[in-house]
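Survey of secondary and tertiary structure
Each chain, letter by letter, is given below.
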Amino acid sequence: MQKWLDQIDPNLITNTIMEYGISILSALAIYIIGKWLVTRISTLIKKTMASRGVEQTLVKFLGNIVHWLLLAFVIIAALTQLGVETTSIAAIFAAAGLAIGLALKDSLSNFASGVLIIMFRTFKVGDFVEIAGTSGSVEEVSIFTTHLKTPDNKLVIVPNSSITSGTITNYSAMATRRIDMVFGIGYQDDIRKAKSLLEEILASDERILKDPAPVVAVSELADSSVNFVVRPWAKREDYWGVYWDLQESVKLKFDEAGISIPFPQQEVHMHTLNAA
């Protein structure tokens, strides 16, 4: 053993330690400094997005993606400093990324749609919307899905890709809404009197806005009735209350005034044939 040690060139050992020691120290320096810079950059990106009103869920998610991507570059740079061939490693990561992307293409589609929904603020939590054939209040907007609570208190989870690929109706986007109703009276009833009663009912409800002014007009001479369109405006939170109350008020007022509200009827005439 001693004979073998005597044969080792001290200069070779010193040179080897110096060569690899410097590479190791350089790699450690690249990793430590790079990691510090990555943390600072990702934090700055998160703060910038948050200051511009980007949804917190998206801020956190995109910030983490940027952090790990930059950290991957730092690790590759450190390995390169150690003399490791990183081309093959990069190729392996690229192939793995492609395989994962193909396997999760539906999830990635939902993710991309979620990013668009959050960035463009198509709707927000609390809005009443109709999306993907479902109506309800938005409970949560996440990266992959949107949660709706229906009026009968059911939770519906809708994939985000189904939302962006279809029509979105946001009933809460505007401060006011128009209430469209149709009331019919009989042909024998007084049209002017009925119109005057409808206008009085609208004027007596403080929830109905004066501007835009409500519309009351004869819209159709139907088979068994003369139809009025009644179109008042109200704040969006008063929509259903006004709608239901007007239905009741019109029926009561018409009954008091002796104005009929026709319903579908069919007359059947029977003829008796005399036997020859």
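All chains use their own residue numbering, which begins from 1 and follows the written sequence. Under the rules for a predicted model, residues below a pLDDT of 70 receive no local features and side-chain atom pairs below 80 are neither given nor counted, while totals for whole chains, interfaces and linings still include all residues. Here the side-chain values reflect all heavy atoms present in the structure, with hydrogen atoms and water set aside.

The condition is simple: UniProt positions are given in the numbering used here, feature names are shortened, and annotations may be inferred rather than shown by experiment.
In the nomenclature of an unreviewed UniProt entry, the chain is known as Small-conductance mechanosensitive channel of Solemya elarraichensis gill symbiont. Per UniProt, the chain carries the Sequence similarities (unreviewed entry) text "Belongs to the MscS (TC 1.A.23) family." As recorded by UniProt, the Subunit (unreviewed entry) comment attached to the chain reads in full: "Homoheptamer."

**So, the pairing of strand 3 (residues 145-149)**
Condition: For two strands to count as paired, DSSP must find a minimum of two bridges between them. Secondary structure is summarised from DSSP: a helix means a run of H or I of at least four residues, a strand means a run of E of at least two, and numbering begins at the N terminus for each.
Pairing of strand 2 (residues 134-141) with strand 3, which is carried by four bridges, proceeds in the antiparallel orientation. By the bridge assignment, Ser 137 is partnered in strand 3 with Lys 149. Between strand 2 and strand 3, which pair antiparallel one after the other, the connecting turn spans three residues. The sheet contact formed by strand 3 and strand 4 (residues 155-159) spans five bridges and is antiparallel.

**Quick word on the pairing of strand 1 (residues 128-131)**
Test applied: Throughout, exposure labels follow a simple rule: accessible area from a 1.4 Å probe, protein chains only, divided by the maximum for the residue type, with under 20% read as buried, over 50% as exposed, and the rest as partly exposed.
Side chains Val 129 and Ile 131 project from strand 1 onto a buried face, and the interleaved Phe 128 and Glu 130 project onto a face without burial. Relative to strand 2, strand 1 is paired through four bridges, and the arrangement is antiparallel. If you follow Glu 130 over to strand 2, its bridge partner there is Ser 135. In this antiparallel pair of consecutive strands, strand 1 and strand 2, the connection spans two residues, and Ala 132 shows a positive phi of 50 degrees. Sheet topology places strand 1 next to strand 5 (residues 169-170); two bridges connect them, and they run antiparallel. Bridged to Val 129 within strand 5 is Asn 170.

**Notes on unusual backbone geometry**
Here the bond from Asp 211 into Pro 212 is cis, since omega is 0 degrees, no more than 30 degrees from zero. Relative to the assigned elements, Pro 212 resides in the loop between helix 7 (191-204) and strand 8 (215-221). Backbone geometry places Asn 153, a non-glycine residue, at a positive phi of 70 degrees. Structurally, Asn 153 is set in the loop between strand 3 and strand 4.

**A short note on the packing of helix 7 against helix 8 (residues 239-257)**
What counts, and what does not: Each axis is a line fitted through C-alpha atoms, taken for helices only over the stretch in contact, and angles between the N-to-C directions span 0 to 180 degrees. Reported orientations rely on four angle classes, namely roughly parallel under 35 degrees, roughly antiparallel over 145, roughly perpendicular from 65 to 115, and oblique for the rest. Crossings are assigned a handedness: left-handed for a near helix turned anticlockwise from the far helix by less than a right angle, right-handed for a clockwise turn. Note on contacts: a residue pair qualifies if any of its non-hydrogen atoms lie within 4.5 Å across the two residues. Classification used: nonpolar for Ala, Val, Leu, Ile, Met, Phe, Trp, Tyr, Cys and Pro, charged for Asp, Glu, Lys and Arg, polar for all others including Gly.
Contact geometry for helix 7 and helix 8: axes closest at 10 Å, N-to-C directions at 140 degrees. For the element pair helix 7 / helix 8, the angle class is oblique. In this structure, helix 7 meets helix 8 at a crossing whose hand is right-handed. Taking contact as the criterion, the partners of Lys 193, Ala 194, Leu 197, Leu 198, Ile 201 and Leu 202 in helix 7 are, on helix 8, Leu 246, Ser 249, Val 250, Lys 253, Phe 254 and Ala 257. The residue inventory of the contact of helix 7 with helix 8, partitioned by class, reads nine nonpolar, one polar and two charged.

**What about a nonpolar patch on the surface?**
Put simply, the test is: Residues enter a patch when their relative accessible area is above 30% and they make no salt bridge; the linking distance is 9 Å between like charges and 5 Å between nonpolar side chains (Val, Leu, Ile, Met, Phe, Trp, Tyr). Values of accessible area rely on a 1.4 Å probe in the Shrake-Rupley scheme; residue burial ignores everything except the protein chains shown. Salt bridge, as used here: a side-chain nitrogen of Lys or Arg that lies within 4 Å of a carboxyl oxygen of Asp or Glu.
A surface patch of nonpolar side chains, amounting to about 1,000 Å² of accessible area, comprises Ile 24, Leu 25, Leu 28, Tyr 31, Ile 32, Ile 33, Trp 36, Leu 37, Ile 41, Ile 75 and Leu 82. Ranked by residue count, the leading element in the nonpolar patch is helix 2 (residues 10-51), at nine residues. The residue Ile 24 is located in helix 2 in this model. The partly exposed category is assigned to Ile 24, whose relative accessible area is 44%.

**Looking at the packing of aromatic side chains**
Between two aromatic rings, the relevant description is the distance of the centres plus the angle of the planes. Just so we agree on the cut-off: Each Phe, Tyr or Trp ring, with Trp reduced to its six-membered ring, pairs with another whose centre is within 6.5 Å; inter-plane angles below 30 degrees give stacked pairs, above 60 give edge-to-face pairs, and intermediate values give tilted ones.
Per the counting criterion, the structure on display carries five aromatic pairs. Taking 6.4 Å as the distance between ring centres and 10 degrees as the angle between the ring planes, the aromatic pair formed by Tyr 239 and Tyr 243 counts as stacked. With Tyr 239 and Tyr 243 both in helix 8, this residue pair falls four residues apart, about one helical turn. The exposure class assigned to Tyr 239 is buried, which follows from its relative accessible area of 10%. What makes Tyr 243 partly exposed here is its relative accessible area of 24%.

**Some thoughts on the environment of Thr 169**
Mapping Thr 169 onto the fold places it in strand 5. Relative accessible area serves as the criterion here: at 29%, Thr 169 is assigned to the partly exposed category. Expressed as a C-alpha distance, the spacing of Thr 169 and Thr 122, which sit 47 residues apart in the sequence, is 9.5 Å. Once residues lying within four places of it in the same chain are set aside, the contact partners of Thr 169 are Phe 128, Val 129 and Glu 130.

**With respect to the environment of Thr 145**
Put simply, the test is: Two N or O atoms form a polar contact when they lie within 3.5 Å of each other; inside protein one atom must be a possible hydrogen donor and the other a possible acceptor, and for residues adjacent in sequence the pair counts only when both atoms belong to side chains.
By the secondary structure assignment, Thr 145 is in strand 3. Looking at Thr 145, the relative accessible area reads 21%, which means it is partly exposed. Leave out the neighbours within four places in its chain, and Thr 145 touches Glu 140, Ile 157, Val 158, Pro 159 and Asn 160. Engagement of the side chain of Thr 145 in a polar contact is seen with the side chain of His 147, the distance being 3.5 Å.

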